[in-house]
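Architecture and fold: a report
If you want the building blocks of each chain, they are given just below.
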Amino acid sequence: MEKVENHKEFIELSYREAIKAYNKGEVPVGAVIVRDGKVIGKGYNCRLEKNNALYHAEIVAIENACKNTGSWRLDGSTIYVTLEPCLMCVGAILQARINKVVFTTIDEKGGCLVSKLHFDRLNLPFSLSYEYIPDFRTKLLLKTFFYELRKKTTLQQISEEQ
């Protein structure tokens, strides 16, 4: 019998990671990786902090999980992420052998599970399932972040014009 994980608990933890990113001025995306009901890795977007385009929440969480487990193989694990993963992150998830992705907000512009590129149509020899569980908080956090960013940019432009 397959073990049923408590999605609510792990979605909450990924949301807390997204809040960390938000508080640092990063795009608020968070991720946690779970195996056998235990968190083995977590992370949030920190591209600005690390000055590196690769530091998406999923990549940071995978790096953290590999360090914590002592292995790059994360078989039997699930990654919970607050935004549908992009192509780079789906590739990293596949390479790490993560079995399942649970995400709470669809990324219509760059998501690669249900939005843009449907990786499962590529006939890859990998076993990866995914589940979309909507959480209004993660969507609202992203909308708030980008609203504030646009407002700040507009105010900065007005200030420079004067």
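Let me begin by describing the structure that accompanies this report. Note on numbering: residues in each chain are counted from 1, in written sequence order. Per-residue local features are limited, in this predicted model, to residues with pLDDT of at least 70; the limit for side-chain atom pairs, both in listing and counting, is 80 or more; totals at the level of whole chains, interfaces and linings are taken over all residues. Each side-chain value is derived from all of the structure's non-hydrogen atoms; neither hydrogens nor water enter the calculation.

Let us look at the overall build of the protein chain. Strands here are runs of E lasting at least two residues and helices are runs of H or I lasting at least four, both read from the DSSP assignment and numbered beginning at the N terminus. When helices and strands are tallied, the protein chain shows five helices and five strands. Starting at the N terminus and walking to the C terminus, you meet the elements of the protein chain as α-β-β-α-α-β-α-β-β-α. Residue burial in the protein chain is summarised as follows: out of 162 residues, 40% are buried. Residue pairs in contact within the protein chain that sit at least 24 positions apart in sequence constitute 57% of those at least 6 positions apart. To measure how exposed things are, a 1.4 Å probe is used in the Shrake-Rupley method; for residues, cover is taken only from the protein chains shown. In the form shown here, the protein chain has an accessible surface area of approximately 9700 Å², with 53% of it arising from carbon and sulfur atoms. Only protein chains enter the area calculation, which uses a 1.4 Å probe; residues under 20% of their type maximum are buried, those over 50% are exposed, and those in between are partly exposed. By definition, residues are in contact when any of their heavy atoms lie within 4.5 Å.

Our next topic: the packing of helix α3 (residues 57-69) against helix α4 (residues 87-95). Axes here mean lines fitted to C-alpha atoms, for a helix over just the part in contact, with angles spanning 0 to 180 degrees between N-to-C directions. It is the contact of α3 with α4, at a shortest axis distance of 9 Å, that shows an interaxial angle of 20°. Considering the angle they form, α3 stands roughly parallel to α4. As α3 packs across α4, the resulting crossing turns out to be left-handed. Across from E58, I59 and I62 in α3, the residues of α4 making contact are M88, C89, A92 and I93. Residues are sorted three ways: Asp, Glu, Lys and Arg are charged, Ala, Val, Leu, Ile, Met, Phe, Trp, Tyr, Cys and Pro are nonpolar, and all the rest, Gly among them, are polar. Among the residues forming the contact of α3 with α4, the class breakdown is six nonpolar, no polar and one charged. Here the word oblique covers every angle except those under 35 degrees (roughly parallel), over 145 (roughly antiparallel) and from 65 to 115 (roughly perpendicular). Left-handed is the label given to a crossing in which the near helix is rotated counterclockwise from the far helix by less than a right angle, and right-handed is the label when the rotation is clockwise.

Without other data, these values stay purely geometric and don't point to any function.
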